Structures are given as structure tokens and as C-alpha cells.
Amino acid sequence: MTNDRNDLTLQRFPGRRSPGEGGNASTLAKPYRAFSVGRIGAITVNTLTELTRLKVFYFLLVFALLLIGSSMFMAQLTFQQEFQILKDVSLGAMSIFTSLLAIVATARLIPQDIEDRTIYTILAKPVPRLEYLLGKIAGVLLLLAIGTLVMGAVFFLVLYAREQTLVHVTMRQMAAAPREQIDEALRAVRASAFNSDILPGIVIIYLKACLLAALTLFVSTFATTNIFTIVVMAFIYFIGHLQAIAREYWLQEHSSGWISRVFLAVVALIFPDLQAFNLVDDIVAGTAISLGLFFKTAVLGVFYTTIYTLLAAFVFYGKEL
Amino acid sequence: MTDPAVAVRGLTKLFPVPFHRQSVVAVRDLDLRVEPGEVYGLLGPNGSGKSTTLKIILGLVSPTRGRTEIFGRDSRLVESREAVGFLPENPYFYKYLTGEETLRFFGRLCGLGGAPLKNRINELLTLVGLTKARKRRLGTYSKGMLQRIGLAQALIHDPKLVVLDEPTAGVDPAGSREIRDLILDLRRRGITVLLSSHLLAQAQEICDRVGILADGVLVREGRLQELIAIENQTELVIADASPPLVDEIESLINRSNAKLIERRKSTTTLERLFLEATAKNDEARMSNDERITKQK
């Protein structure tokens, strides 16, 4: 702990005013508005700064090393296998890293602010609780967006580098072959490397992370510690991935009456069907993701994120601090 | 008639205890009124309900019964906090932010921006003596410095009411004196101050009125001078009095119906002694440093 004694002397305020002067508000701030994007923006930027300075982006380095390492290891496979595994590893790692980041980064936000009493100084200002929560979640979603963008860029870079290497190798090996055969081989290499479903797949991975962040925020509004939130979220994560199979089994074994359907709908709301966001297998297998499926999954992600954020706001509104 | 800065009417707060039928009573039937421009001290031992009362006034905790108002506005409404600055007990701000960034963040929450915010930050950093530490992260600040940056954030939007929860808790005597001087300066500016404390000597120096809480009940309230005055006693403090003069005064008292209770040398306070001693030590060290620098 340091203390600069030269800096200790408190100075006088320059002016003086009489008690009660200037209405009810302060003399400097703008008049209060019930909803302010500026206030939410301040909390968003602060949350993003907090998470960035906590060095959470180190995981991106792990991701890059994983990708470069695996691509070097796969050099001995056929190019179709290599690209398939590269996409599998990359998209799988992106999904796990963004999910993990969403849960761990969000779980600490509110309990930490309460523990440090920072929340008192924020909510003692004219800041509605809803804006505080929206700012916090927006900060995490921005962090996830940056993380996904960087991971996506690293993924495309590695994929492009491998494609270029293979194109050169193919051209060298087939130097004596007719032009049509070379073109055919190069088309095959390029088609294996890039397919148009990768981008929507990455968007769905991001939306799944957003959903998990909103759900974590909701759990953290009634949790007392970060650990509790993370443990509960770990359960929800696994149940969320298994619930589709469990639901199919249930419907096969039991009657599909309205009670069962309501029960399953409630379960689906509490434990979102995370398997529905798993489009990686289709992308790796080269199965085309239809526009309808993409939009349906995207809307589901946005719906869940909104619902959980609103539920978090509802619980947080009545919370005694 | 102007609205009181703070009005508390019939306030009761019960905290339920999990798995028990009974609740803990934090505050019971509390009535308070803080007038604009005064320094009001809410005193009481630990657990007497001071912090709970302040949190209810600030809308951080909801009352079980009763009503609280800030300048005539229900304190459950967010807009009532436009006029309020708050410093919690032992605050920990975002330690990854610098002093300047912290003030910018809180300023933006109050709707400030651009040049007015920049000027205000400079003004407040000068006020609390942290100009040189403005670029340092709060993680490296001492407790006293954190308290001062806390005061600066409470004042960022130039509020009309400042609520301070144990403002000098854990601060050394010099820092504590500076915070006390700042509170007096706020009063001179016409800013109302509501503070909670269990450091009675300090409260006695700065408060116009006090309320004493015990087990959530307001047991005493009023103007400080009226509360602590002893009606039938008078103090005379005489400088340069010779012993015969003092003896003569004493015999005069004995001849009358009055009674001399105590005769003693005037003393300074331990705090003043500490501040003088540490200030002399600082001066000696600084002149020694200057001498060494000149020799070099």
C-alpha cells in the first residue's frame, strides 16, 4: 500500500451556494431520464474493461496454439480428413471456449460488485437496476463477440494457410497432368477447406454463448457466491445437452398428453436445449445448414437470451442489497 | 416551506431469519428529519441500524413499514438520487481502473460528459489531493486514498445531499482530519451531510444535530450543543493566571453557594498531540532531505 503524503491536503471548493438552491437535482448533471443508453453504455464499457484487464483473453492464445498445433499434427492425413478434423477441432474449441467464458465471466459480475460494495455506489446514483443489469450483460456479450471474432479470424487464417499449402503441393505434384485435371483437383481442395456453412455455424456458437451468459446472470442474481453459480451452470450445461435425448425417450415411453407437453415445456425453459445449437457436426460432415434451420436456431438463441435477462431483472429488482 | 433534505417517517425494517419464525428488527418506528444545509450525525454502536437506515434512504433496501423521502421525493424512486452522493463504509472500487477513470465512470452514470466532466474530474482530484495519483490503478491506493476517491465520486455531480457511512473508518488521524475538514467545507457550501459514525469525538466536532440509535430505536435526538450541555455547570479557561489569582478565585467560589468540582491544567487532545508530533517529524525529515540534496 502506498500513500503519497505530498498529495494529502484537501483543497477548498471554489464556490459556495445556499442550502436548497437549484431545485432538487444537482447543478452539473443533465436532468434525469427514465431510460438512458448513455448510462447503460458507461456500465457496458466498464464491464468490458474489467474483464479485459482481468486478462480473460489469454484463452485466445490457447485457442491459436491448439489450432496451429493440430494443423501441424494432421499434415500426414489426406486433405479431406485434415480439413474435416481442423473444422471439428476449431468449431468444437470455439464452442467450449465461448461457453466457458460466458459462464465464468458472468458468474462473478454481480456477487463481486456486492462483495466489494461497488454496487452501492452505482445504484446510489440515479441508475435504475434494469440499466445496471443491461449494462453488465451487454459488456459480457461484447466480450464474447470480440472473442468469437478473433477465434473465427484465427480459424480462417489457419484454414486459408493450409488450403494455400495444399494448393501449391497439388500443383507441384500434378505439374505434368492436363489442365482440366489440375483444376478439378484444386476445386476439390478448395471445396474441402471452405464451405458456406462455417459462418452461420460460428454465429450460432456465439448465440449459444449469449444464452449461457444470460442464464448465468439470472442464476447469479439469487446466488451468494461465484462458485455456486458456476456449479449450477455446469449442471445446466450438461442437462441442456442431454435433455433432447431425454425428451425423445420420455415421449416414446409415455403418452403425449397436454400435461406431459406442459411439463416438457417448463423443463425446456429452465434447461434450454443446448443440443439444438450444436451445428458443428453438420458443418464438419458437409451437410448444408438450411436457411430455415439457421433462422430458427438464431431466433431460439435470441429468445432465450432475452427471457433470461428479463428474469434476472425481475429477481434483481426485488433483491435486498 | 422548503422540503427537508431527508425525511424518515415511521420506518421499520425486519430481516427474516431463514428457518425461523422470528425476524431480526434492524430499525423500529424511526422518525428523522434532516434540514437542508446541516450536518446530521446518525450515531450508535455496531449493529444499531445506522447502515440499514442509510441504505433505505438511498433505496438500496426496501422498508418493511414507513416512508423515506429525499427533498420531498419518495426515496424508492430512482430520480430521488439525482441530488445524492453516497460513500459506503470501507469502499472497494474497481481496482483495475485508475482514479481518473473511476471518476469518469461515475460521472457518466450521472449524465455528465465532455468538457464539463473533464473539468469536474480535475477539480475533484485537486480537492481530494489525488492529482498525482490520477493515473494509478486503485489497486495500488492506500485505504485513505480509497476513501478520498470515494468522496470524490460521491461529489462528482455536485449533489445537494451527501450521505457518508462511517467516512473515517480505518483512516489514519491526518486523513481523518482532512475528511472532517472537507465535511465542514461541504457545509459552508450549503451541501447537506448525513453521516453515520461510532466515533463520537469526531461527530461532536462536525455535526449540527445528532440522533443516537440503539437496537434500531432512536433514543436521543437534537442539536448537539443542547444535548451535551450540563445546565448547572460553567467552565472558565484562563490563560497566564498566577497561582495566587487561581487561589483567590477558588476561595471566592468556596465563600459562595457554588461548588468547585475540579481544578486542573488544561490539556490538549491526543489527536492534536499526534498530528503535531507527526507534522514536526515530517518537517524535520523534509529539511533533512533538502540538506542532503543541497550537499549533493
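Residues numbered from 1 in each chain as written. Chains lettered and ligands numbered in written order. Predicted model: local features only at pLDDT ≥ 70, side-chain atom pairs only at ≥ 80, totals over all residues. Heavy atoms only, no water.

Engineer: Pulling in residues and values, what's your account of the overall build of chain B?
Structural biologist: A count of helices and strands for chain B gives nine helices and 10 strands. Reported as C-alpha extents along the three principal axes, the dimensions of chain B are approximately 70 × 70 × 45 Å. Residue burial in chain B is summarised as follows: out of 296 residues, 48% are buried. The contacts of chain B with a sequence gap of at least 6 include a subset with a gap of at least 24, amounting to 66%. Accessible area of chain B: about 15500 Å², with a carbon and sulfur share of 52%. (Helix = DSSP H or I, 4+ residues; strand = E, 2+ residues; numbered from the N terminus. Buried < 20%, exposed > 50% of the residue type's maximum accessible area, 1.4 Å probe, protein only. Contact = heavy atoms within 4.5 Å. Areas by Shrake-Rupley, 256 points an atom, 1.4 Å probe, with all protein chains shown as cover.)

Engineer: Give a detailed account of the sheet that holds strand β4 (residues 65-70) of chain B, specifying residues and quantitative values.
Structural biologist: All names here are of chain B. Spatial ordering of the open sheet is given by β2-β1-β4-β5, a layout of four strands whose pairing is antiparallel. The open sheet terminates on both sides in strands that have one partner only, identified here as β2 (23-34) and β5 (73-74). Sitting on the sheet, helix α1 (residues 50-57) is in contact with β1 (6-16), β2 and β4, with an inclination near 115° to β1. (Pairing = 2+ DSSP bridges. Axes fitted to C-alpha atoms, helices over the stretch in contact; angles between N-to-C directions.)

Engineer: How would you sum up the packing of helix α3 (residues 79-107) of chain A against helix α9 (residues 226-253) of chain A? Please name residues and give values.
Structural biologist: For any two helices packed against each other, the geometry comes down to the angle between their axes and how far apart the axes lie. Residue and element names in this part refer to chain A. Between α3 and α9, the shortest axis-to-axis distance is 9 Å and the interhelical angle comes to 150°. Overall, the two elements α3 and α9 adopt an arrangement that is roughly antiparallel. Where α3 crosses over α9, the handedness of that crossing is right-handed. Across the interface between the two elements, Ser99, Ile103 and Ala107 of α3 pack against Asn226, Thr229, Ile230, Met233 and Tyr237 of α9. Across the contact of α3 with α9, the residue classes break down as five nonpolar, three polar and no charged. (Parallel < 35°, antiparallel > 145°, perpendicular 65-115°, else oblique. Left-handed = near helix turned anticlockwise from the far one by under 90°. Nonpolar A, V, L, I, M, F, W, Y, C, P; charged D, E, K, R; others polar.)

Engineer: Summarise the pattern of salt bridges; cite the residues concerned and give the values.
Structural biologist: All names here are of chain B. Inspection of every chain in the model, using the stated rule, returns 28 salt bridges over all chains. Across the pair Glu100 and Arg134 runs a salt bridge, and its minimum N-O distance is 3.2 Å. On the criterion of sequence distance, the pair formed by Glu100 in helix α2 (residues 99-109) and Arg134 in the loop between α3 (114-127) and α4 (143-154) is long-range, its members being 34 residues apart. For Glu100, a relative accessible area of 12% gives the class buried. On the basis of relative accessible area, Arg134 is assigned to the buried category, the value being 17%. What you see here is one network of salt bridges that share partners, running through Arg9, Arg67, Glu69, Asp74 and Arg76. (Salt bridge = Lys/Arg side-chain N within 4 Å of Asp/Glu carboxyl O.)

Engineer: So what's going on with the layout of surface pockets? Residues and values would help.
Structural biologist: Residues and elements named next belong to chain B. Volume-wise, the largest pocket comes out at about 1100 Å³. Together, 24 residues line the largest pocket, and Leu236, Leu260, Glu262, Arg263 and Arg264 are the ones closest to its centre. Of the residues assigned to the lining of the largest pocket, the class counts are 11 nonpolar, five polar and eight charged. (1 Å grid on protein atoms, 1.4 Å probe; cavity = no way out; pocket = protein on both sides within 12 Å on 5 of 7 lines; lining within 4 Å. Points joined across faces, edges and corners; volume = space filled by probe spheres on them.)

Engineer: Residues and numbers for empty space enclosed by the protein, please.
Structural biologist: Applying the stated criterion to the full structure yields three cavities of 30 Å³ or more. The computed volume of the largest cavity comes to approximately 70 Å³. Across the lining of the largest cavity, the residue classes tally to six nonpolar, three polar and one charged.

Engineer: How would you summarise the packing of α2 of chain B against α4 of chain B if you had to cite specific residues and measurements?
Structural biologist: Residue and element names in this part refer to chain B. Viewed as axis vectors pointing N to C, α2 and α4 meet at an angle of 30°, and their least axial separation amounts to 9 Å. The angle between the axes of α2 and α4 places the two elements in the roughly parallel class. Considering the relative orientation of α2 and α4, their crossing is right-handed. Judged by residue contacts, Gly99, Leu103 and Phe106 of α2 engage Ile149, Ala152 and Gln153 from α4. A breakdown of the residues in the contact of α2 with α4 according to their chemical character gives four nonpolar, two polar and no charged.

Engineer: If you had to explain helix α1 (residues 37-53) of chain A to someone new, which residues and values would you point to?
Structural biologist: Note that an α-helix has 3.6 residues per turn; residues three or four places apart therefore point the same way. If you check α1 of chain A, its first and last C-alpha atoms are 24 Å apart, about what 17 residues at 1.5 Å a residue would give, namely 24 Å. Where α1 of chain A begins, one side-chain oxygen reaches toward the backbone nitrogen of Gly38 of chain A, 3.3 Å away; that side chain belongs to Ser36 of chain A. (Expected span 1.5 Å × (residues − 1). Polar contact = N/O pair within 3.5 Å; in protein donor to acceptor, adjacent residues only side chain to side chain.)

Engineer: Pulling in residues and values, what's your account of the pairing of β2 of chain B?
Structural biologist: All names here are of chain B. Bridging between β1 and β2 involves eight bridges; their strand directions are antiparallel. Note on β2: the bridge partner recorded for Leu11 is Leu30. The loop that links β1 with its antiparallel partner β2 comprises six residues; one of these, Phe19, has a positive phi angle of about 65°.

Engineer: Break down the environment of Ile85 of chain A for me, citing the residues and quoting the values.
Structural biologist: Residue and element names in this part refer to chain A. Here Ile85 shows up in helix α3. The partly exposed category is assigned to Ile85, whose relative accessible area is 36%. In this structure, the C-alpha to C-alpha distance between Ile85 and Val284, residues 199 residues apart in sequence, is 7.8 Å.

Engineer: Give me a nonpolar patch on the surface: which residues, what numbers.
Structural biologist: Residues and elements named next belong to chain A. A contiguous nonpolar patch, built from Trp258, Ile259, Val262, Val266, Leu269, Ile270 and Phe303 and spanning about 720 Å² of accessible area, is present on the exposed surface. It is helix α10 (residues 258-270) that provides the largest number of residues to the nonpolar patch, a total of six residues. Position of Ile270 relative to the elements: it lies in helix α10. A residue is classified by how much of its surface remains accessible, and Ile270, at 46% relative accessible area, is partly exposed. (Patch = residues over 30% accessible without salt bridge, like charges linked within 9 Å, V, L, I, M, F, W, Y side chains within 5 Å.)

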